[in-house]
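The primary structure of each chain is shown beneath.
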Amino acid sequence: TAVWARFFTPEGELVPLPAEWERQRAEQERERAEAAETALNAAQEREKRLSDRLRALGIDPDQL
C-alpha cells in the first residue's frame, strides 16, 4: 500500500486524481445523455398526443 500526497484547493476541496476526474467526467456525461434521452422521449410523446388530437379533429398532421 502506497501513501500518496493529495492536494486541496484553498477552499478545502480535494483535487481529484486524474482517474477520479475521468470517472466524474464520464458520470456527468452519462447523466447528460440520460437527461437528453428523457427530454427526447417526452417530446416524442407530446408530438404523438398532439398528432392524435389533430386526427381526432379530422386534420392530417402529416399534411401540415
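Calculation criteria
- Every residue gets a number counted from 1 within its own chain, in the order that chain's sequence is written.
- pLDDT decides what is reported in this predicted model: residues at 70 or higher carry local features, side-chain atom pairs at 80 or more are listed and counted, and totals for whole chains, interfaces and linings draw on all residues regardless.
- To obtain the side-chain values, all non-hydrogen atoms of the structure were used and water was disregarded.
- Counting from the N terminus, the helices are the DSSP runs of H or I reaching at least four residues and the strands are the DSSP runs of E reaching at least two.
- Think of it in three bands: with a 1.4 Å probe and only protein chains considered, a residue is buried below 20% of the maximum accessible area for its type, exposed above 50%, and partly exposed in between.
- By definition, residues are in contact when any of their heavy atoms lie within 4.5 Å.
- In this analysis, the expected span of each helix is defined as 1.5 Å times one less than the number of residues it contains.
- What makes a salt bridge here is a side-chain nitrogen of Lys or Arg within 4 Å of a carboxyl oxygen of Asp or Glu, nothing more.

**Q** Report on the environment of Phe 7, specifying residues and quantitative values.
**A** Its place among the elements puts Phe 7 in the segment before helix 1 (18–56). Classification of Phe 7 by relative accessible area gives exposed; the value is 61%. Sequence separation of Phe 7 and Leu 17 is 10 residues, and the distance between their C-alpha atoms is 9.0 Å. Those residues in contact with Phe 7, other than ones at most four positions away along the chain, are Glu 13, Leu 14 and Val 15.

**Q** Before we move on, can you summarise helix 1 with the specific residues and values?
**A** Between its terminal C-alpha atoms helix 1 stretches 57 Å, which fits the 57 Å expected from 39 residues at 1.5 Å a residue. After helix 1 finishes, the residue Gly 58 shows a positive phi value of roughly 85 degrees.

**Q** Got a sec to walk through the pattern of salt bridges? Specific residues and values, please.
**A** Enumeration over the complete set of coordinates arrives at 7 salt bridges. Among the ionic pairs, Glu 20 bridges to Arg 6, the shortest N-O distance being 2.7 Å. Of the two residues, Glu 20 sits in helix 1 while Arg 6 sits in the segment before helix 1, which places them 14 residues apart along the sequence. When its relative accessible area of 22% is taken as the criterion, Glu 20 is described as partly exposed. Relative accessible area serves as the criterion here: at 30%, Arg 6 is assigned to the partly exposed category.

**Q** Tell me what's going on with the environment of Ser 51, and back it up with residues and numbers.
**A** Position of Ser 51 relative to the elements: it lies in helix 1. Judged by relative accessible area, which is 15%, Ser 51 ranks as buried. Along the chain, Ser 51 and Thr 1 lie 50 residues apart, while their C-alpha atoms are 63 Å from each other.

That is the geometry; function is a separate question.
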